[in-house]
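The chain contents come next:
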Protein chains: 2
Amino acid sequence: MKLEELSKSELKIRYDELNSKYEEYKSQSLSLNMARGKPGSDQLALSDGILDPALLGNFKASDGTEVRNYGVLDGIPECKAIFADILSVKPENIIVFGNASLTIMYDYVSQCMVFGAGDGPWAGKKIKFLCPVPGYDRHFTILEHFGIEMINVPMNENGPDMDLIDELVKDESVKGVFCVPMYSNPTGITYSDETVRRFASLKPAAKDFRVIWDNAYCVHHVKDNHDSLLNIFEAAEEYGTEDFFIEVTSTSKISYPGAGVSALAASSANIAAIKSRMNAQTIGYDKINQLRHAAFFKDIDGINAHMKKHAEILKPKFECVIEAFEKNLAGKGIAEWTDPNGGYFISLNVMNGCAKRVASLCREAGVTLTGAGATFPYGKDPDDSNIRIAPTFPSLDELKKAVDILCLCVEIAAIEKITA
Amino acid sequence: MKLEELSKSELKIRYDELNSKYEEYKSQSLSLNMARGKPGSDQLALSDGILDPALLGNFKASDGTEVRNYGVLDGIPECKAIFADILSVKPENIIVFGNASLTIMYDYVSQCMVFGAGDGPWAGKKIKFLCPVPGYDRHFTILEHFGIEMINVPMNENGPDMDLIDELVKDESVKGVFCVPMYSNPTGITYSDETVRRFASLKPAAKDFRVIWDNAYCVHHVKDNHDSLLNIFEAAEEYGTEDFFIEVTSTSKISYPGAGVSALAASSANIAAIKSRMNAQTIGYDKINQLRHAAFFKDIDGINAHMKKHAEILKPKFECVIEAFEKNLAGKGIAEWTDPNGGYFISLNVMNGCAKRVASLCREAGVTLTGAGATFPYGKDPDDSNIRIAPTFPSLDELKKAVDILCLCVEIAAIEKITA
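Rules behind the numbers
Residues numbered from 1 in each chain as written. Chains lettered and ligands numbered in written order. Predicted model: local features only at pLDDT ≥ 70, side-chain atom pairs only at ≥ 80, totals over all residues. Heavy atoms only, no water. Helix = DSSP H or I, 4+ residues; strand = E, 2+ residues; numbered from the N terminus. Buried < 20%, exposed > 50% of the residue type's maximum accessible area, 1.4 Å probe, protein only. Pairing = 2+ DSSP bridges. Right-handed = clockwise from strand over helix to strand, strands pointing away. Least-squares fit on C-alpha atoms with pLDDT ≥ 70 in both. Contact = heavy atoms within 4.5 Å. Phe/Tyr/Trp six-rings, centres within 6.5 Å; stacked < 30°, edge-to-face > 60°. Lys NZ or Arg CZ within 6 Å of the ring centre and 35° of its normal.

1. With respect to unusual backbone geometry
Point 1. With an omega dihedral of -5°, the bond running from V133 of chain A to P134 of chain A counts as a cis peptide bond.
Point 2. One non-glycine residue, V72 of chain A, adopts positive backbone phi at about 70°.
Point 3. By the element assignment, V72 of chain A lies in the loop between α2 (41-45) and α3 (77-87).
Point 4. When its relative accessible area of 25% is taken as the criterion, V72 of chain A is described as partly exposed.
Point 5. The phi torsion at S88 of chain B lies on the positive side, around 55°, for a residue other than glycine.
Point 6. Among the secondary structure elements, S88 of chain B is positioned in the loop between α3 (77-87) and β2 (94-96).
Point 7. On the accessibility criterion, S88 of chain B (47% relative accessible area) is partly exposed.

Right under this line is the structure:
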């Protein structure tokens, strides 16, 4: 039954009931964290075999390169090959970088500020980017850092509102879009084929339009019936728009976050431009770590087999959250949530105006959530409704408690709103 | 006897003699490389113990941080402590980065282009940097990449010509200096205490003046009677100029080039500014590699003991070059060279107008040198005289041959010039 249909006295009874449970949790001085998309320690242990020095053999890459010494700008061949398979592009369209795709994206935007992307430097000009919302806070941080104006574009179950994007890109100062096309952060949805094709067929006014296609969760399936994403470069080829797309990914959530390997895929023209910049920036990234990864995973089958092990650990955690939501929140008209097939997040929309209150109630009870608003540019959720749930880091026992508390807080905040 | 004092016929005899030796070498189809400051394979092997996973224990840094997961912007404490000892600064003035100090320097200049260093962005303005010459080509590449005008400042045996620098920094568009203060690349000299103090007491017109103090060879002694460098931050404290200096170093030539750890030391104000930028750029650098390094080297004594092993390998190589120069070139009035106590290079000045010819003769005989001119901004050595010798990569046997050929070429080119 919807809470709004309850009488004032029924709501009061319910509120007291919830509050006494909440106070009980509070007295336990818990410390539970669902804030960031961090793998749990059992997930980290899956990759410990990667540290075996025997994997490095005689320290030679497949082309004979000594991985302990200087050299190789764009990655050793076996590492490029794996990323090429993961992203379904040719190895020559791959550059292997350091430990973080975030740094690749930052550097790409930074380069656009100083040198531009074919139509003059962005620095000193009014530059706007489109941001599908809710989205990834660290994308917004990069854009805000560079003073790039962010424009919200609502997400639906097929991806961003493409009609709106079609309209917005007619403005020449709109230079790009930041997006997570597969198992989107935080909604967990994957862009439909139609959405990908509409990205490929965009007709922006800006000649130097760039879509940062952050394919962070490209092999990160949780359920057996997993999503698949249309290859953006294949779609773009039809329209001759390959230069619009800068795709990135990493092994952060395959091997180790912070000690993995990242990669970029792009058109030949963009690869050449980026390599020319890298030539001033580095002598080469960590090839020992590249060889370690290539030797441990071997190929795309090795990656997929490894991701199944992650999925076995993650599946019960995702189910735990969804089951708790179903049990405690369904039918009450106070929350909606996504039930993704992969990725690292579940997106929860509580009643408008309640997200900050829910996060604050949770915090008081020892449950840390991603800050309410963080999934929107400038930290401003216009509806104060979205909460990103990161179920991966806590143990299953901790998670059960944390979600239980979260559900209490969602309902408490809703009753407070209804009765205000 | 000086070649210039020989008669034409004596020179002809000498030239034919040299040429027949040269042709003999040429017929051997050699492939010897003295181009880059790369450690040899025996040096690489010194660090292979660093790959032992046992060093990583339970994957916890000294402050309890799980090194396999996300987090820690500025480095794990034990790694910061080692760099703090290496550079004689406080750990809170250290940031540990990724695998390359080159990238730190590039990023620093890039940040200055977009945001500046306290007096507005550099992009779009006329910006000049002073470049002690001969110097490090990759510094010049960064500056050229960003369109920063480079001004040559001659090096002497105590460092750059500080009288000239005092004059040049009166120009407000002169925003900084790039230098290698210890075992300078390529001369191998170390800045005298007086030179360091004059850097510390500079009175530049630019408020946002920055000296990139690339202390790449800070512990890289070759001879027992090694140099020491005055601490720039201690000197700067006297004059209140700490903010002018950005010091970088790395373990590239301590552990592995390309798979080491780099670090920056700076004033508290600069550290805060850099961390604020890093907050948008990364979640953190590779902490597994940081812990590996800290556990392997333990402390500054461990570093110094390890560098002694490098020195044992490098000392005969440096001696081999110097001995060959003494034997083949001394007293002929055709070449001068440095005899450094550490670092990776020996600087050779041949007769004006001969460096390119020497490099080309060497190349034809299978000996690769750093491109003539590379030690000057824009690749333009005004005297066409300087050649950087990198004696570390070839084996001692190869090196002997390579230097022998080099000496032949220096004398051949000199006779060609004298008799032209």
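2. As for the pairing of strand β3 (residues 128-133) of chain A
Residue and element names in this part refer to chain A.
Point 1. For β3, the buried fraction is high: six of the six residues fall into the buried class.
Point 2. The side-chain alternation of β3 yields two buried faces, one formed by K128, L130 and P132 and the other by F129, C131 and V133.
Point 3. Bridge count between β3 and strand β4 (residues 149-156): six bridges; the pairing is parallel. Considered in β4, the bridge of P132 is made with V153.
Point 4. In this fold, β3 hands off to helix α5 (residues 137-145), which returns the chain to β4; that crossover is right-handed.

3. Structural notes on the relation of the copies chain A and chain B
Point 1. Superposing chain A onto chain B requires a rotation of 180° together with a translation of 0.0 Å along the rotation axis, leaving an RMSD of 0.0 Å. Put plainly, the chains are arranged around a two-fold axis. The rotation axis passes nearest to the C-alpha of V114 of chain A in chain A, at a distance of 3.3 Å.
Point 2. A share of 100% of interface residues in chain A that are also interface residues in chain B marks the association as one of identical surfaces.

4. Looking at the packing of aromatic side chains
The description of an aromatic ring pair uses the distance of the two centres, along with the angle that the planes make with each other.
Point 1. As enumerated under the stated definition, the model contains 30 aromatic pairs over all chains in all.
Point 2. A ring pair is formed by F209 of chain A and F244 of chain A, whose centres lie 5.5 Å apart and whose planes are at 80°; its orientation type is edge-to-face. In this pair, F209 of chain A is assigned in the loop between α7 (193-200) and β7 (210-214) and F244 of chain A in the loop between α8 (232-239) and β8 (245-250), connecting sequence segments 35 residues apart.
Point 3. Taking relative accessible area as the criterion, F244 of chain A reaches 13% and is therefore assigned buried.
Point 4. For the ring pair Y106 of chain B and F146 of chain B, a centre distance of 5.0 Å and an interplane angle of 45° mean the geometry is tilted. In this pair, Y106 of chain B sits in helix α4 (residues 101-114) while F146 of chain B sits in the loop between α5 (137-145) and β4 (149-156), placing the two residues 40 residues apart along the sequence. The two residues Y106 of chain B and F146 of chain B agree in class, both being buried.
Point 5. Aromatic ring contacts, followed pair by pair, group Y191, F199, F209, W213, F244 and F245 of chain A into a single cluster.
Point 6. Stacked on the ring of F393 of chain A, the Lys or Arg K38 of chain A has its end atom at 4.8 Å from the ring centre.

5. Topic: the pairing of β7 of chain A
All names here are of chain A.
Point 1. A large share of β7 lies buried, amounting to five of its five residues.
Point 2. Judged by which residues are buried, β7 turns out to be covered on both faces: R210, I212 and D214 on one side and V211 and W213 on the other are all buried.
Point 3. In terms of strand pairing, strand β6 (residues 174-179) meets β7 through four bridges, oriented parallel. Across the sheet, residue C179 finds its bridge partner in β7, namely W213.
Point 4. Tracing the backbone out of β6, into α7 and back to the parallel element β7 gives a crossover that is right-handed.
Point 5. As paired strands, β7 and β8 are joined by four bridges and run parallel to one another. Bridge assignment links W213 to a residue of β8, and that residue is E247.
Point 6. Viewed along the sheet, the connection from β7 through α8 into β8 turns out right-handed.

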